[in-house]
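# Survey of secondary and tertiary structure
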Amino acid sequence: LTLTPNFTWDPKIHGAAENFWIIVEDVNSEVILHSESFLLKQKLAMAGEEHFVTFYVPMMEPLPPQYFINVVSDRWLQCKMVTPIRFKNVILPEKYPPTTELLDMLPLPISALKWPEAEKMYPKFKVFNAIQTQIFTTFYGTDDSVFLGAPTSSGKTICAEFALLRLLKTGGKAIYVAPKEDLVSQRFGDWAARFGECLDKKVGVLTGHPQSDLKTLEKSDIVCSSPENWDIISRKWKQRKLVQQVKLFIVDEVHLLTEGNSVLEVIVSRMRHMASHLEKHIRFVGLGTSIANSRDVAGWMGVSTKDCFNFLPDARPVSLEVAIQGFDQYHRAARLLAMAKPTYNTIKQLSFDKPALVFVPDRKQAKIAALDLVTNATMDGHEKRFLSIGEEDLNRYSAQLREKTLKYCLEYGVGFLHEGMMKVEKEIVEKLFAVGAIQVLVVTHSLCWSLSVHAHMVVIVDTQRYDGREH
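Residues numbered from 1 in each chain as written. Predicted model: local features only at pLDDT ≥ 70, side-chain atom pairs only at ≥ 80, totals over all residues. Heavy atoms only, no water.

Of all hydrophobic cores here, the largest spans 44 residues; its most connected members are Leu113, Phe139, Leu148, Phe162, Leu165, Phe195 and Leu199. Secondary-structure elements contributing two or more residues to this core are α4 (130-141), β7 (146-149), α5 (156-170), β8 (173-177), α6 (181-199), β10 (222-225), β11 (246-251) and β12 (283-288). No other element matches the 9 residues that α5 contributes to this core. If near-sequence neighbours (up to four positions away) are discounted, Phe195 is found in contact with Met121, Glu161, Leu164, Leu165, Leu168, Asp200, Lys201, Val203 and Ile222. Core analysis: the next-biggest nonpolar cluster, separate from the first, contains 43 residues, Leu410, Tyr412, Phe416 and Met421 among them. (Core = buried A, V, L, I, M, F, W, Y, C linked by side-chain atoms within 4.5 Å. Buried < 20%, exposed > 50% of the residue type's maximum accessible area, 1.4 Å probe, protein only. Helix = DSSP H or I, 4+ residues; strand = E, 2+ residues; numbered from the N terminus. Contact = heavy atoms within 4.5 Å.)

Note: most peptide bonds trans; most residues except glycine with negative phi. For Lys114, which is not glycine, the phi dihedral falls at a positive 55 degrees. Note on placement: Lys114 falls in the loop between β6 (80-86) and α3 (116-119). You can call Lys114 exposed: its relative accessible area is 71%. At Glu253, a residue that is not glycine, the phi angle is positive and equals roughly 55 degrees. Here Glu253 shows up in the loop between β11 and α10 (262-278).

So, about the environment of Trp300. In this fold, Trp300 is placed in helix α11 (residues 294-300). Relative accessible area serves as the criterion here: at 23%, Trp300 is assigned to the partly exposed category. Those residues within four positions of Trp300 in sequence are excluded, and the remaining contacts are Leu257, Leu264, Glu265, Val268, Ser269 and Arg272. For Trp300, the side chain forms a polar contact with the side chain of Ser269, separated by 3.4 Å. (Polar contact = N/O pair within 3.5 Å; in protein donor to acceptor, adjacent residues only side chain to side chain.)

Here we come to empty space enclosed by the protein. By the definition in use, this model includes 1 cavity of 30 Å³ or more. Each pocket or cavity is described by its volume, and for the largest cavity that value is around 100 Å³. Residue assignment for the lining of the largest cavity shows that the elements contributing at least two residues are α12 (332-350) and α13 (363-379). Sort the elements by how many residues they give to the lining of the largest cavity and α13 lands first, with 5 residues. For the lining of the largest cavity, the residue count by class is 7 nonpolar, 3 polar and 1 charged. (1 Å grid on protein atoms, 1.4 Å probe; cavity = no way out; pocket = protein on both sides within 12 Å on 5 of 7 lines; lining within 4 Å. Points joined across faces, edges and corners; volume = space filled by probe spheres on them. Nonpolar A, V, L, I, M, F, W, Y, C, P; charged D, E, K, R; others polar.)

The following block contains the structure:
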């Protein structure tokens, strides 16, 4: 709403400010849909500037012909302005479709793959989980494009492997794209070992150098890439026959499209255009968390309604409990300081002898948070509370570390990771946490994509962080 003062301001009569009320009524003026106070100050009124007020009102069905906006003075009689807002040409968004219901089905055994070599890729379990069982026929039994929205850790990667296994039976190249480099590296390491050892298939990763990437694309059955690297290769798809041989295109973490991943949007649209131009079928597989507009994303990827699976966020193999504790300190340093003791108490109460991850905004806070945990444990009389390994065994690992603060914290069972650490140090700390030698691991938020460890509890310390694009 734009408000413009259209009267002569007299300080003797109006004073320093005038208060008005903004009231939104329905078409019959029977129901007040919104009301709020608006203070007009003398300086701004005499300058004749426009004032902007933003608010939200509910939209009923059937669509009403209009609403009325009233601007009424708080102390002057007959000082009132009424403006109708008509909805004749308003286009309402489509209602979000219902989520996919998780059916109560018998778990499907891995023998359903009917491929003994492929079954060796899953030595840790004998049956697939509920989501994998429900979508198995669509992913493994058809060549249709699919969208799968499901909570984190619900086994979406294995669902993508169903599509890969189907492709490898008939032959063809598959491309896996993820918006984060850490995810690409993690997936390449996992698939290179499993597909290479069990099925003798070549898995490659693109580096951004066109000549070497083209050789990788030629030799590999499965290629992992970031959106930027695949964009470089696929731009000249008309001249590059290797790009035209792609039969399966997997896009992971589709929900990150809204976070400025324009390149990801470009390459998906380009691959669909290429398939249409060549009159060739390319199977698209989209993976992401549960999203509200799943039909829109699926339609953009060429997925039919029947092959769009969007499960509820609580459809998880392991239940998740969320608790939020607020802090009213305005200044960042004071707020982070106030969070130190509650973080320790939360870990002590809810994850007494089980692994816990603590995410912090930056590398400086990673060190501070780790030291605070050690200090609180010492003050509590249990300084070695978080340590589950002997000193001699720990010294063998800590001797390879350079950072003194990290060595000190590890002696008390608390480790930390940030972007500035050496690769060897990161691997040692991750290994100690993964095997249970240390109980608490403090990590900067940007490393969440590269972590491959499991924890009983996760603490997110402060939800604000510095962003160079906005600050």
